Amino acid sequence: MTSGLIDVHAHLLPEFYVEQATAAGHACPDGMAGWPTWSARDHLDLMDRNGIETAMLSLSSPGVHFGDDKAARLLARRVNEYTAELARDHPGRFGNFVAIPLPDVDGALEEIAYAFDQLNADGVALLTHTQGVYLGYARLEPVFAELNRRGAVVFLHPTSPVCWEQSALGRPRPMVEYIFDTARTVTDLVMAGVLTRHPNLRVIVPHCGGAIPVLADRINEFMHLFVPSQKAPQRDAVQQLGSLYYDIAGTAFPRQVPALLKLVDPDRVLFGSDYCWTPSPLADAHITAIDKAVPPAAATTWRSLTTANARRLFPQVLPR
């Protein structure tokens, strides 16, 4: 394998985090049977086996906010310092997409400053919503203004929607609910004008965009129909969605990536493994499918394409 993959969708699960989340009522997070096991050693083994050069580590759902602002601030700080230490201990192998304690805006701003100025964060990970506050809500404007000022990479990750008790039908929420909550919050960012007000944000949407590629034209039509012209964002919905980055974690082939490429150019596509929430054998199989898939005409392989795209996105972290 001549081109080392850059994994922008990779998760860590420190024991202290699992203990605190479980104590907060997340013994079966998002309807899954339980927590997967994770260690830095196991993660590096998966990376070495699959030719992954660097993994940008982030915390997945349910995040750090379990209802108490002070506790969320403390947990975010502990997770971020732990991840930064991993990156220092394994130079070039791990990056750090930091957790912030939304919907606590003041706590989030404090953690952004600490993470970028003291921990050399590579980006920030945001759940599709926290405590029912989706990413287009006006109360989050100071957070996006600060991230825009820093030209930050913003990695989105889904969580269970606020209505999951009725909508999930008793099944694990990552199967379908994650896909639609991604579409819900990205649509909110578009319709609220967050992306046009803050053009320096570099947003990564997970799982091939979820349902976004097949909904893009519908969202665009509704924007023109129902948003008054004087309040409409400067760019239409399709243009905004096409300016985002998308990782191909999950079941990317044979159907999701072709749909995604109807919306975005190949230079917006990034690799993601979704390990450790995607078990190791399944992550291996997904990577094998990516390596076997026919790449876009201008690319040699999906591996070389997504790696080149990631190096442009993180020029300071991943020199060519």
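The structure under discussion appears in the preceding block.
A brief look at the structure comes next. Keep in mind the model is a prediction, meaning the values are calculated, not measured.

Turning our attention to helix α5 (residues 141-149). Structural remark: α-helix, 3.6 residues per turn; residues separated by three or four positions point the same way. Those residues of α5 not exposed but buried are Val143, Phe144, Glu146, Leu147 and Asn148. Turning to α5, the residues buried within the fold contact α4 (105-118), β4 (123-127), β7 (153-157), α7 (173-191) and α8 (194-197). At the C-terminal side of α5, Gly151 shows a positive phi close to 60°.

Per the stated rule, a full pass over the model turns up 6 aromatic pairs. Each residue in the set Tyr17, Trp35 and Trp277 is aromatic and connected to the rest through ring pairs, giving one cluster. Across the ring face of Tyr114, the terminal group of Arg77 is positioned such that the distance to the ring centre comes to 3.7 Å. The ring of Phe16 has Arg78 sitting right over it, with the charged end atom 4.0 Å from the ring centre.

Next up on the list: the pattern of salt bridges. Going through the model one piece at a time under the given rule, you end up with 13 salt bridges. For Asp284, the salt bridge is made with Arg49, and the minimal N-O distance between the two is 3.2 Å. Taken together, the residues span a long stretch of sequence, with Asp284 in helix α12 (residues 280-292) and Arg49 in helix α2 (residues 40-50) at a distance of 235 residues. Asp284 sits in the buried class, given a relative accessible area of 19%. The partner of Glu53 in a salt bridge is Arg311, with the nearest N and O atoms 2.7 Å apart. Taken together, the residues Glu53 in strand β2 (residues 52-58) and Arg311 in helix α13 (residues 302-313) connect sequence positions 258 residues apart. Of the residues examined, Glu53 reaches a relative accessible area of 32% and is grouped as partly exposed. Each of Asp117, Glu146, Arg149 and Arg150 takes part in one network of salt bridges that share partners.

When a strand is regular, its side chains alternate between the sheet's two faces. A large share of β2 lies buried, amounting to 6 of its 7 residues. Sheet topology places β2 next to strand β3 (residues 94-99); 3 bridges connect them, and they run parallel. What sits directly across from Ala55, in β3, is Phe94.

Parameters and conventions
Residue positions are counted from 1 within each chain, in the order its sequence is given. Reporting of local features is limited, given that this is a predicted model, to residues whose pLDDT is at least 70; pairs of side-chain atoms are given and counted only at 80 or more, and all residues count toward the totals for whole chains, interfaces and linings. Computation of side-chain values covers all heavy atoms of the structure but excludes hydrogens and water. Buried means the residue's accessible area, taken with a 1.4 Å probe over protein chains only, is under 20% of the maximum for its type, while exposed means over 50%, and partly exposed covers the values in between. By definition, any uninterrupted DSSP run of H or I lasting at least four residues is a helix, any uninterrupted run of E lasting at least two residues is a strand, and each is numbered from the N terminus. Whether two residues are in contact is decided by their heavy atoms: any pair within 4.5 Å suffices. A pair of Phe, Tyr and Trp rings is counted when the ring centres sit within 6.5 Å of each other, with Trp represented by its six-membered ring. The angle between the planes then sorts it: under 30 degrees is stacked, over 60 is edge-to-face, the rest tilted. Sitting over a ring, as applied to charges here, requires NZ of Lys or CZ of Arg to be within 6 Å of the ring centre and within 35 degrees of the ring normal. Salt bridge, as applied in this entry: a Lys or Arg side-chain nitrogen positioned within 4 Å of an Asp or Glu carboxyl oxygen. Pairing between strands is defined by DSSP: at least two bridges between them are needed.

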